[in-house]
Amino acid sequence: MGKIISVVNQKGGVGKTTTAVNLAAAIGLAGKRVLLVDADPQGNSTSGYGINKKATDATSYELLIGKSTADLAAIKTPFEKVDVVPSSIDLAAAEVDLIEMEKRESRLKTALCTVRDKYDYIFIDCPPSLGLITINALNASDTVLVPIQCEYFALEGLSQLMATVRQVKRLYNPTLEIEGIVLTMYDGRLNLTRQVVGEIKKYFADKLYKTAIPRAVRLSEAPSFGMPIQYYDKHSKGADAYNDLAKEFLKRNRRG
């Protein structure tokens, strides 16, 4: 049965989608079957895999409101062992639509149950908020992966996110755990970076990945070509970083 991981940070622009797209690709290249669920109305994971958002039959919105199945919505990509459930702007209406629905906080969990056996890992790219879509993702997940930018306000956001995770754990999903914390846009030359890393280590030393993702031009360019970094420029430092992160991730998840 596939492990489900939500990639979450309620703050935008921290490398959340970049991490979801490129970590999924790296794990696919390592021979694991991966499903990436784009649960962000902006649909950046969808376009990051070169999928035309306007030409999709079913999206994560249809999954949430029960009008499609994960099997039908999943698109086989040209990238090694990665399928994508796309998003579209319709998903922005889901927060309102879900309010009236029964079991509104567990609809994504129900939808993904049917495909768990097909994949080794299912990643959910969450929206940059802690609303009902993110609650659905957390309720469906085994663990939470948190990309965090090395800046002061990131720590404030992290404590707010952890409070939400605890609440979801208490109310809906008692087995939910933190998968890990990934440092993004990392520049070890900056004092602030070192201070932020020091603070995170105080509270989450065992959860912090050793691999940090550097600021890299090629990482920023890849989505406009509809490719994960490993396919856009496999020799770039961004590709190396996400490949290293995938190795560390898989080592932590090695099954007996």
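Scroll up a little and you will see the structure.
Everything in this summary refers to the structure shown in the same document.

Some thoughts on the pattern of salt bridges
As enumerated under the stated definition, the model contains 12 salt bridges in all. Of the charged contacts in the structure, one is a salt bridge between Glu 179 and Lys 3, with a shortest N-O distance of 2.8 Å. Here the residue Glu 179 occupies a position in strand S7 (residues 177-184), and Lys 3 occupies one in strand S1 (residues 3-7), the gap between them amounting to 176 residues. Of the two residues examined, Glu 179 and Lys 3, each falls in the buried class. Here Glu 199 makes a salt bridge to Lys 202, at a shortest N to O gap of 2.9 Å. One end of the pair is Glu 199 and the other is Lys 202, both in helix H9 (residues 191-204) and three residues apart, which spans about a single turn. In this structure Glu 199 comes out as partly exposed when scored by relative accessible area, which is 27%.

A word on unusual backbone geometry
Within the chain, Lys 81 stands out as a residue other than glycine whose phi angle is a positive 60 degrees. Along the chain, the position of Lys 81 falls in the loop between strand S3 (75-76) and strand S4 (82-85). One non-glycine residue, Lys 103, adopts positive backbone phi at about 45 degrees. Mapping Lys 103 onto the fold places it in the loop between helix H5 (94-99) and helix H6 (107-113). Overall, Lys 103 belongs to the exposed group, its relative accessible area being 63%.

Some remarks on the layout of surface pockets
Empty space within the largest pocket amounts to approximately 500 Å³. What lines the largest pocket is a set of 29 residues, among which Gly 15, Lys 16, Thr 17, Thr 18 and Met 185 lie closest to the centre. Elements with a minimum of two residues in the lining of the largest pocket: helix H1 (16-29), helix H2 (44-48) and helix H10 (217-221). Here the element with the most residues in the lining of the largest pocket is H1; it accounts for five residues. In terms of residue class, the lining of the largest pocket is built from 15 nonpolar, 10 polar and four charged.

Let's talk about helix H7 (residues 132-140)
Burial of H7 is extensive: nine of the nine residues sit out of reach of the surface. Every buried residue of H7 is accounted for by Leu 132, Ile 133, Thr 134, Ile 135, Asn 136, Ala 137, Leu 138, Asn 139 and Ala 140.

Observations regarding the sheet that holds strand S5 (residues 121-125)
Pairing within the open sheet is mixed, and its seven strands lie in the order S3-S4-S2-S5-S1-S6-S7. For this open sheet the edge positions go to S3 and S7, each flanked by a neighbour on one side alone. Two elements, S1 and S5, share five bridges in a ladder whose sense is parallel. In the sheet register, Ile 4 faces S5, and the bridge partner there is Ile 122. Across the face of the sheet, H7 comes into contact with S1, S5 and strand S6 (143-149) while running at roughly 150 degrees to S1. Sheet contacts for helix H12 (residues 237-252): S1, S5 and S7; angle to S7, the most-contacted strand, approximately 165 degrees.

So, the packing of helix H8 (residues 152-171) against H9
Where H8 meets H9, the axes come as close as 9 Å, and the angle between the chain directions of the two elements is 25 degrees. Between H8 and H9, the angle falls in the class roughly parallel. Crossing geometry of H8 relative to H9 is assigned as right-handed. Contact with H8, carried on its side by Tyr 152, Leu 155, Leu 158 and Met 162, involves Leu 192, Val 196, Glu 199, Ile 200 and Phe 204 of H9 and no other residues of that element. Of the residues assigned to the contact of H8 with H9, the class counts are eight nonpolar, no polar and one charged.

Here is what the cut-offs are and how they apply
- Chains are numbered independently. Their residues run from 1 in the order of the written sequence.
- Restriction of local features to residues with pLDDT of at least 70 applies here, the model being predicted, together with a cutoff of 80 or more for giving and counting side-chain atom pairs; totals for whole chains, interfaces and linings are based on all residues.
- Only hydrogens and water are removed before side-chain values are computed, so all heavy atoms of the structure are retained for them.
- Within this document, salt bridges are pairs made up of a side-chain nitrogen of Lys or Arg and a carboxyl oxygen of Asp or Glu, the two lying within 4 Å of each other.
- Helix numbering and strand numbering both begin at the N terminus, where a helix is a DSSP run of H or I of at least 4 residues and a strand a DSSP run of E of at least 2.
- A 1.4 Å probe rolled over the protein chains alone gives each residue an accessible area, and that area as a share of the maximum for its type sets the label: buried under 20%, exposed over 50%, partly exposed in between.
- A cavity here means a set of 1 Å grid points, computed over protein atoms only, where a 1.4 Å probe fits but cannot escape. A pocket is an open set with protein on both sides within 12 Å along at least 5 of 7 lines, and lining residues have an atom within 4 Å of a point.
- Grid points are joined across faces, edges and corners, and a volume is the space filled by probe spheres set on the points.
- Amino acids outside the nonpolar list (Ala, Val, Leu, Ile, Met, Phe, Trp, Tyr, Cys, Pro) and the charged list (Asp, Glu, Lys, Arg) are all regarded as polar, and Gly is one of them.
- In this analysis, strands are considered paired if DSSP registers two or more bridges between them.
- Contact definition: two residues touch when any of their heavy atoms are within 4.5 Å.
- Note on geometry: axes are C-alpha line fits, over the in-contact stretch for helices, and angles between N-to-C directions span 0 to 180 degrees.
- Any angle between 65 and 115 degrees counts as roughly perpendicular, while under 35 counts as roughly parallel, over 145 as roughly antiparallel, and the rest as oblique.
- Two helices cross in a left-handed way if the nearer one is turned anticlockwise from the farther one by less than a right angle. They cross in a right-handed way if the turn is clockwise.

Keep in mind these values describe shape, not function.
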